Amino acid sequence: MTSVYLDEIRPGMSATMARTVTERDIQLFGEATGDMNPVHFDEDYARKTIFRGRVAHGALSIGFISALLGTQLPGDGAIFVSASIVFKSPVRIGDTVVTTATVREIQGREVVMDCACRVEDRLVLESEARVLAPRRPAAPSAAPRS
């Protein structure tokens, strides 16, 4: 288990992860969510859109942010509370999405994170995410003597 506890988190701390989007990711995401929009599944259809070809679900990139917050910073025990999302550019099958989350500020137990997803040097998504960081578990009390 990996956690960065609330008392350890400081502004400026950051974490990064990378994930290459595959055909299987698109298929599984569509099946899991029911979003079978042809812009994700039908190349002929997608070529006629503003994207000029198939693109990954935008929410898949939001999932990368959730994964980063839930596994690295803060990690285990984190609760994703909210996010404001701005999609900047499409993600395609074969793109490696590099997701970064940086602590901007701490408001009580809530940690405000600046998040970004990039493909090479192209910004594809930016977000402000708010997460409840886990508190450090209480130390076990000593067993009473008999």
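Residues numbered from 1 in each chain as written. Predicted model: local features only at pLDDT ≥ 70, side-chain atom pairs only at ≥ 80, totals over all residues. Heavy atoms only, no water.

A.B. asks: Please give an account of the pairing of strand 4 (residues 110-119) that cites residues and values.
C.D. replies: Along strand 4, eight of the 10 residues are buried, which leaves the element largely enclosed by surrounding structure. With 10 bridges connecting them, strand 3 (residues 96-107) and strand 4 associate as antiparallel partners. Across the sheet, V98 pairs through a bridge with R118, a residue of strand 4. Note that strand 4 and strand 5 (residues 122-132) share 10 bridges and pair antiparallel. In the strand pairing of strand 5, C115 is matched with S127. Linking strand 4 back to strand 5 in an antiparallel pair, the connection comprises two residues, with E120 at a positive phi of about 55°. (Buried < 20%, exposed > 50% of the residue type's maximum accessible area, 1.4 Å probe, protein only. Helix = DSSP H or I, 4+ residues; strand = E, 2+ residues; numbered from the N terminus. Pairing = 2+ DSSP bridges.)

A.B. asks: An account of unusual backbone geometry is requested, with residue identities and associated values reported.
C.D. replies: The linkage connecting L73 with the following residue, P74, adopts the cis geometry, with an omega of 5°. Along the chain, the position of P74 falls in the loop between helix 4 (58-71) and strand 2 (79-87). Residue R52 is not a glycine yet carries a positive backbone phi of 60°. As for its position among the elements, R52 is in the loop between helix 3 (43-47) and helix 4. Even without a glycine there, the phi angle at E120 is positive, about 55°. With respect to the helices and strands, E120 occurs in the loop between strand 4 and strand 5.

A.B. asks: Tell me about the sheet that holds strand 4, and please be specific about residues and values.
C.D. replies: Pairing in this open sheet of five strands is antiparallel, and the strands run 1-3-4-5-2 from one edge to the other. Each edge of the open sheet carries a strand with a single partner, namely strand 1 (14-20) and strand 2. The sheet shows a mean angle of 20° between the axes of neighbouring strands, direction not considered. (Axes fitted to C-alpha atoms, helices over the stretch in contact; angles between N-to-C directions.)

A.B. asks: For the state of the cysteines, give the residues involved together with the corresponding values.
C.D. replies: A full pass over the atoms with the stated rule returns zero disulfides. Left without a disulfide partner, C115 is nearest to the cysteine sulfur of C117, which lies 7.8 Å away. Classification of C117 as buried rests on a relative accessible area of 0%. (Disulfide = S-S within 2.5 Å.)

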